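What follows is each chain in one-letter form.
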Amino acid sequence: MSQPTAYNRQRCFTDWSANYPTTPHSGAGLDAEFDAIETTLDATLVNLAKVQRDDGALAYQSVGPEQLRADVTFGLVAVTDWTTSSAYIANSGVWSQSKLYKCLVAHTSGVFATDLAAGKWQLLVDFKTYQDTAAASAAAAAVSEGSAATSASNAAAAATSGLTATSNTSTVVGPGSKTFTTQSGKSFTLGSWLTIASAAAPDSFLFGQVTSYSSTTLAVNVTAIGTAGTYSDWTIAPAGVQGIQGPTGPTGATGATGSTGPQGSQGIQGVTGLTGSTGNTGPTGAQGIQGVTGPAGPGSGDMLKSENLSGLLNYTTARSTLGLAIGTNVQAYSATYAKTDVANTFTKAQRGTPVILTDAATIAVDLSLGNNFSIILGGNRTLGVPTNGAAGQSGSINLYQDATGSRTVAYSWCYGVPGGTALTLTTTALGRDKLSYDVVHATTAAVTITIATPGVVSWTGHGLATGDWLQLTTTGALPTGLAANTTYWVSVVDANSFKLCTTKANAAAGTFIATSGTQSGTNTANCTNIDLAAVKDFR
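A few points on the structure.

Cut-offs applied
Residues numbered from 1 in each chain as written. Predicted model: local features only at pLDDT ≥ 70, side-chain atom pairs only at ≥ 80, totals over all residues. Heavy atoms only, no water. Buried < 20%, exposed > 50% of the residue type's maximum accessible area, 1.4 Å probe, protein only. Helix = DSSP H or I, 4+ residues; strand = E, 2+ residues; numbered from the N terminus. Pairing = 2+ DSSP bridges. 1 Å grid on protein atoms, 1.4 Å probe; cavity = no way out; pocket = protein on both sides within 12 Å on 5 of 7 lines; lining within 4 Å. Points joined across faces, edges and corners; volume = space filled by probe spheres on them. Polar contact = N/O pair within 3.5 Å; in protein donor to acceptor, adjacent residues only side chain to side chain. Contact = heavy atoms within 4.5 Å. Phe/Tyr/Trp six-rings, centres within 6.5 Å; stacked < 30°, edge-to-face > 60°.

Turning to the pairing of strand 10 (residues 193-198), a few remarks are in order. Across the 6 residues that make up strand 10, a large majority, 6, are buried. Side chains Trp-193, Thr-195 and Ala-197 project from strand 10 onto one buried face, and the interleaved Leu-194, Ile-196 and Ser-198 project onto a second face that is buried too. Pairing between strand 10 and strand 11 (residues 205-214): 5 bridges, direction antiparallel. Within strand 11, the position partnered with Ala-197 by the bridge is Phe-205.

Here it is as structure tokens:
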């Protein structure tokens, strides 16, 4: 359960009111503060629900061994037989010679008697004393009465007393339900706990709870056991209630790594990758030696020689002499046709043939083919990121519904729509909608990104404005905090750098993305921003 994100106030509204009493508070700033408070409060409520129920009590499974004091954790780990070279933690329990011990000091066991003398174990219960006390009582009775008959009578009385009993039922040491034939009239109440140990092998015992006792038949649900074996010399005695299970002990050391398996067969060869871009033109080689002069051509000599430069004074004669024909290999000067590098005044309509787009799941648009486009929608489509666009280009895209109608269009990340709300189309069969577009940015460049809070992107002469958006790609790995093919909003620092934000509101509020970790490869920013507006349902 992670800690909630701490709330750090970014603005002092009291200072704002004092300094600018007639200016309203920033709506974006207020939203940012309330959003931060909501994030912290929501996370706090989620964590609180993990430890408190609706009725105010602690939630189930919200308290474990780690939350308890050390002096109350005994019994939370199952008691096991003591073994040498084992790691024991404080408050764990072991059995040794029918005696229950509690670990006082975490240690790795050696010789039990040595560890006990060193104060590493504390004796809690000596179950063997029940047997020793009964034997001592029988011996004392035999001596005091002085007769074998009296001794036998006292031993029988002890065996049939209300607290202890014996059984000759052959039983395997193991957990689960066990049934014994024993003496009747014992104080074995339903739910009481018993220890059933072999007289010959006290370390082989059963510890469990009485599930039924009728006449001479005793049934016990065994939950803890001693050394394995099968015995028929059982001594049955009362025991304390079983403690709760202790915490899980530490994980043992990882085993050695196995040997490497045989190498699999070679897979099929993958498809050939795309051809790489053409490399830079190499340096120009050294000029070769001049060849011999060729034979004279069939003509009557060049223009300058034959006409003594007179052909240069008349362009008609010169053009004829050079073999140039207007409209064939030379364009005549005209005051009618527009030039691309000066302002032009048109007195007639200018037309371009609309480009018919290919219908596909993602519609490809090549802006170099024209200004106006159209397509008949054969299904629900996505308008892809255009190629070959240039800032300042504008035009329209006519979207026709097919005979089925109700076709929808989703818009790739590069498109901006009024109010940030996706444009919806006419659903009428054979209906038509017109999208007007204006290319604001269509530029891509390699950039560098700092590892800082916040991170800063360097792009020489980027020409962007705060609120523009872009996506990043890389040939390696972007810094932590940024992801490829994810839309970010720009907050301009200067003409050559800017910061990134996760939303337009954050760009306005000055909430920037922090970068960390490492990065590699070449990072590329794609800022293609195209504004869209729709005119719906032309009839």
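Take empty space enclosed by the protein next. For the coordinates displayed, the defined rule picks out 3 cavities of 30 Å³ or more. When its volume is computed, the second largest cavity comes out at roughly 50 Å³.

So, on to the sheet that holds strand 20 (residues 409-411). Strand order in the open sheet formed by 3 strands is 16-18-20, with parallel pairing between adjacent strands. The open sheet is flanked by strand 16 (362-363) and strand 20, the only strands paired with a single partner. Judged from the 2 bridges that link them, strand 16 and strand 18 (residues 381-383) form a sheet pairing that is parallel. Each bridged residue has a counterpart across the sheet, and for Thr-362 the counterpart in strand 18 is Thr-382.

A few words on the side chain of Thr-40. Checked against the element boundaries, Thr-40 lands in helix 2 (residues 27-49). Side-chain polar atoms of Thr-40 contact the backbone nitrogen of Tyr-7, separated by 3.5 Å. When near neighbours in sequence (up to four residues on either side) are disregarded, Thr-40 contacts Pro-4, Thr-5, Ala-6 and Tyr-7.

A complete count under the given rule lists 13 aromatic pairs for this structure. Three or more aromatic residues link up through ring pairs in this structure, and these residues are Trp-82, Tyr-88, Tyr-101, Phe-112 and Trp-121.

Further remarks concern the environment of Val-355. Tracing the chain through its elements places Val-355 in strand 15 (residues 355-356). On the basis of relative accessibility, which here comes to 14%, the residue Val-355 falls in the buried class. Once the C-alpha coordinates of Val-355 and Asp-366 are considered, the two residues, 11 residues apart in sequence, prove to be 9.4 Å apart. Setting aside chain neighbours within four positions, we find Val-355 in contact with Leu-369, Gly-370, Asn-372, Phe-373 and Ser-374.

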